[in-house]
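# Architecture at a glance
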Amino acid sequence: MGKRGEDVGVAPSGWLRPRRARSKDGGSGRFRAVRSAVWDGRSRGAALSPAAANMAVAGSSPTIVEYFGGEDGYRCGYCKNESGNLSHGMWAHSMTVQDYQDLIDRGWRRSGKYVYKPIMNQTCCPQYTIRCQALRFQTSKSHKKVLKKMLKFISKGDVSKAVDEEEPMDSHIEDAVSCDFVHRSESHVSEAELTPLNEDHEDRVENEDEDKGESKEEVNAKKAELGSLQICGDQDAAVPGEPSPSTKTVHAPPKPGKGADLSKPPCRKAKDIRRERKLQKLLQNQRCTLEGSPLQAEHQALLLQNSKSTTNQPKSIEDFIFVPLPDDAPHKLEVRLVPVSFEDPQFKSSFNQSAILFAKYQMAIHKDTPSECGENEFTRFLCDSPLEAENPPNGPECGYGSFHQQYWLDGKIIAVGVIDILPYCVSSVYLYYDPDYSFLSLGVYSALREIAFTRQLHEKAPDLCFYYMGFYIHSCPKMRYKGQYRPSDLLCPETYVWTPIEQCLPLLELSKYSRFNQDAKAVDEDRIKELGRVRVLHKRTVMPYSVYKKRRKGPSDEASVQQYASLVGQTCSERMLLFRS
């Protein structure tokens, strides 16, 4: 987050360099969703074998998933429809950060190890993936109020009990509260079945496919070409391009009670307007006294320059966070980034305190019973992640994977933000906090801190420049506040291109489901083209689907595999391993 040192919310020690464990359990997931969505039992999926764990350490552990489909409807937590929530789902036994990055860029999202994708044109409350352009983020008036409130509390002990009603004070990520996924029995997949055999065996199996009609070099060339297209697509999406020529922006007036009109620029501060009027008056006086003087133009230019320099430089998040504190400051706030692994000393030593805080939050905010938010539930839903920790030389110092960002106030944890650090973004998963400190607006404050953290990571990892906030649900008014973190984009549910939210809102006012890409000829560039090249893990052997299809006994599963491949895209389907029993 920019500067380091004894600043508000910053640990004096290098919290960007957490100690890494040899093997890593991830952490995150929307608790209430997975509790009802994911089946009872300690774990849905079998743990990877020691051999697979060694592969993870070497950075070569592949993504292994079981696809479940999911056409049945479940209860929606937004509109309370008992069977209107529709989504596809799969269980991730392991997952690389690049695969998950590509999946969330196609509308997927994870809750623990369960990865799901809303059926957008059928579900009762369509959920659009939303991202904030962290490098261009500008704090709003309400954001500054929250930052100032924390600063006053830390530096002076001021306590403001007034709750800011402009944005929810609850967790800023409330996505999967709406999801009542299907209960499933515990997985019977054994460790051995999830351990692929060596690569030589895989090559022999791939050569078994005689109907592919092309050489291995041609296959590799196509893969490389497809991979480069995907990279280019990601780079193009890094800064949302100009809208399609056929796109028309309609600025619909805001409806009563619907919040600010995001299509209009933010309101200016009264003090800036007063300063500008004063400068204009000064200019007028200068014209009276310097009329006909050769210095007139020079004086006017100087005054205008000073006016611009004072009024056009709004304070950034860092200007509020990294403020030197007085020596006698009554409070100390420290933010620690901890990898979610029981082999990590910091995570292990703070586990009990964090679990107790989680239970307190769930019971106070979500009215859970003690049995619904115990230590086992906390472990299962916030300390399980399929993401494999990676620490490449060109990545951020903390590496990629799942983390808990702990907020320590005067020696105790008052909030924990669960985040995934991915190649192109910081993805916010969940937040829980001490209800006794609700007056600090910790939901908004932690979101702003995570945006600042994204900007800090960008300094070492230039591709990492976005902050993903989960889902934007326009049909649910309480979830619209995510659009106030500007500039932000929504993901088109059909072509998977990013569209500025200002262009999306008029469309969503007309219909809760909308295709944002207005180019009628545009299609999903990564749509499935060759089903036979989907990678399958069958009897510990990695093979293309074309080979598996010939070996398979029993009824055909081509429809299910076709659906899976169309949802994850050609690129991911050729990298990830689809487990078949």
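Each remark here, short or long, concerns the structure printed above.
Everything in this summary refers to the structure shown in the same document. (Residues numbered from 1 in each chain as written. Predicted model: local features only at pLDDT ≥ 70, side-chain atom pairs only at ≥ 80, totals over all residues. Heavy atoms only, no water.)

## A closer look at the overall build of the protein chain
The cut-off we apply is this: We count a stretch as a helix when DSSP gives it H or I for four or more residues in a row; a strand needs E for two or more, and each element gets its number in order from the N terminus. The cut-offs for exposure are 20% and 50% of the maximum accessible area for each residue type, with area from a 1.4 Å probe on protein chains only; residues under the lower value are buried, those over the upper are exposed, and the others partly exposed. Contacts: residue pairs with any heavy atoms within 4.5 Å of one another.
Counting its secondary structure elements, the protein chain contains 15 helices and 15 strands. Burial statistics for the protein chain: of 581 residues in total, 55% are counted as buried. The contacts of the protein chain with a sequence gap of at least 6 include a subset with a gap of at least 24, amounting to 76%.

## With respect to a positive patch on the surface
Test applied: Exposure above 30% relative accessible area and no salt bridge define the residues that can form patches, which grow by joining like charges within 9 Å and nonpolar side chains of Val, Leu, Ile, Met, Phe, Trp and Tyr within 5 Å. Areas reported as accessible are Shrake-Rupley estimates using a 1.4 Å probe. Residue values count occlusion only from the protein chains shown. The salt bridge definition used is simple: a Lys or Arg side-chain nitrogen within 4 Å of an Asp or Glu carboxyl oxygen. When charges are counted, Lys and Arg contribute as positive and Asp and Glu as negative, whereas His and the chain ends are disregarded. We put the charge of a Lys on NZ, of an Arg on CZ, of an Asp on CG and of a Glu on CD.
On the surface, Lys148, Lys152, Lys156, Lys271, Arg274 and Lys315 cluster together into a positively charged patch. Elements with a minimum of two residues in the positive patch: helix H4 (141-156) and helix H7 (270-289). The element best represented in the positive patch is H4, accounting for three residues. Residue placement: Lys156 occurs in helix H4.

## Considerations on the pairing of strand S8 (residues 412-421)
Stated formally: Should DSSP find at least two bridges between two strands, the strands are regarded as paired.
In terms of burial, S8 is a largely internal element, nine of the 10 residues being buried. Between strand S7 (residues 401-409) and S8, which follow one another and run antiparallel, lie two residues, and Asp410 among them has a positive phi close to 55 degrees. Across seven bridges, S8 lies against strand S9 (residues 425-433) in antiparallel orientation. When the sheet's bridge partners are listed, Asp420 is paired in S9 with Ser427. Connecting S8 to the antiparallel partner S9 that follows it, the hairpin turn spans three residues.

## Overview of the environment of Gln98
In this fold, Gln98 is placed in helix H3 (residues 97-104). For Gln98, a relative accessible area of 25% puts it in the partly exposed group. Taking the C-alpha atoms as reference, Gln98 lies 9.5 Å from Leu387; in sequence the two are 289 residues apart. Ignoring anything within four residues of it in the chain, the contact list for Gln98 reads Pro423, Tyr424 and Arg575.

## Comments concerning the pattern of salt bridges
This structure, assessed with the given rule, holds 18 salt bridges. Measuring nitrogen to oxygen at the nearest pair gives 2.8 Å for the salt bridge that ties Asp420 to Arg110. With a gap of 310 residues between them, Asp420 in strand S8 and Arg110 in strand S3 (residues 109-111) connect regions that are remote in the sequence. When its relative accessible area of 0% is taken as the criterion, Asp420 is described as buried. Where Arg486 meets Glu502, a salt bridge forms, and the shortest distance between an N and an O atom there is 3.7 Å.

## Things to note about the nonpolar core
Put simply, the rule reads: Grouping buried Ala, Val, Leu, Ile, Met, Phe, Trp, Tyr and Cys residues that are joined through side-chain atoms within 4.5 Å yields what is termed a nonpolar core.
Membership of the largest hydrophobic core comes to 112 residues, with the highest contact counts inside it found for Met90, Ile421, Tyr432, Tyr485, Leu490 and Tyr564. Element by element, the count of residues in this core is highest for helix H12 (residues 442-460), at nine residues. Excluding residues within four positions of it along the chain, Tyr432 makes contact with Ser354, Leu357, Phe358, Tyr361, Phe378, Leu382, His404, Ala415, Val416 and Val418. Within the second largest apolar cluster, 12 residues are counted, among which are Cys76, Trp91, Cys125 and Ile473.

## What about helix H10 (residues 345-365)?
Convention followed: By this rule, a helix spans an expected 1.5 Å times one less than how many residues it contains. What is called the bend at a residue is the angle between a pair of axes, fitted to the seven residues leading up to and ending at it and to the seven starting from it. Any pair of N or O atoms that falls within 3.5 Å is considered a polar contact. Within protein, one atom must be able to donate a hydrogen and the other to accept it, and sequence-neighbouring residues count only if both atoms are side-chain atoms.
Relative to the 30 Å expected for 21 residues at 1.5 Å per residue, H10 spans 30 Å between its end C-alpha atoms, a close match to the ideal helical length. Along H10, the sharpest change in direction is near 55 degrees and occurs at Phe351. When H10 is considered as a whole, its buried residues turn out to be Phe347, Ser350, Phe351, Ser354, Ala355, Leu357, Phe358, Ala359, Tyr361 and Gln362. The opening residue of H10 is Asp344, an N-cap whose side-chain oxygen sits 3.1 Å from the backbone nitrogen of Gln346. A positive phi of about 60 degrees marks Lys367, the residue just after H10.

## Overview of the packing of H10 against helix H11 (residues 375-382)
Note the threshold: Interaxial angles span 0 to 180 degrees and are taken between N-to-C directions of axes, which are lines fitted to C-alpha atoms, for helices over the stretch in contact. For classification purposes, an angle smaller than 35 degrees is called roughly parallel, one larger than 145 roughly antiparallel, one from 65 to 115 roughly perpendicular, and anything else oblique. Each residue is assigned to one of three groups, with Ala, Val, Leu, Ile, Met, Phe, Trp, Tyr, Cys and Pro labelled nonpolar, Asp, Glu, Lys and Arg labelled charged, and all others, Gly among them, labelled polar.
Two elements in contact, H10 and H11, have axes whose closest approach is 10 Å; the angle formed by their N-to-C orientations is 95 degrees. With respect to H11, the element H10 is oriented roughly perpendicular. Of the residues in H11, those touching H10 at Phe351, Asn352, Ser354, Ala355 and Phe358 are Glu375, Phe378, Thr379 and Leu382. Class assignment for the residues of the contact of H10 with H11 results in five nonpolar, three polar and one charged.

## Structural notes on H11
In terms of burial, H11 is a largely internal element, six of the eight residues being buried. Of the residues making up H11, those classed as buried are Glu377, Phe378, Thr379, Arg380, Phe381 and Leu382.

## As for the sheet that holds strand S4 (residues 114-118)
What the seven strands build is an open sheet, ordered S3-S4-S2-S1-S15-S13-S14; its pairing is mixed. Strands at the two margins of the open sheet, each flanked by one partner only, are S3 and strand S14 (541-544). Averaged over neighbouring strand pairs, the angle between their axes works out to 35 degrees when direction is ignored. Seen against the sheet, helix H15 (residues 558-575) touches strand S1 (64-69), strand S2 (87-94), S4, strand S13 (535-538) and strand S15 (577-580) and runs at an angle of roughly 150 degrees to S1.

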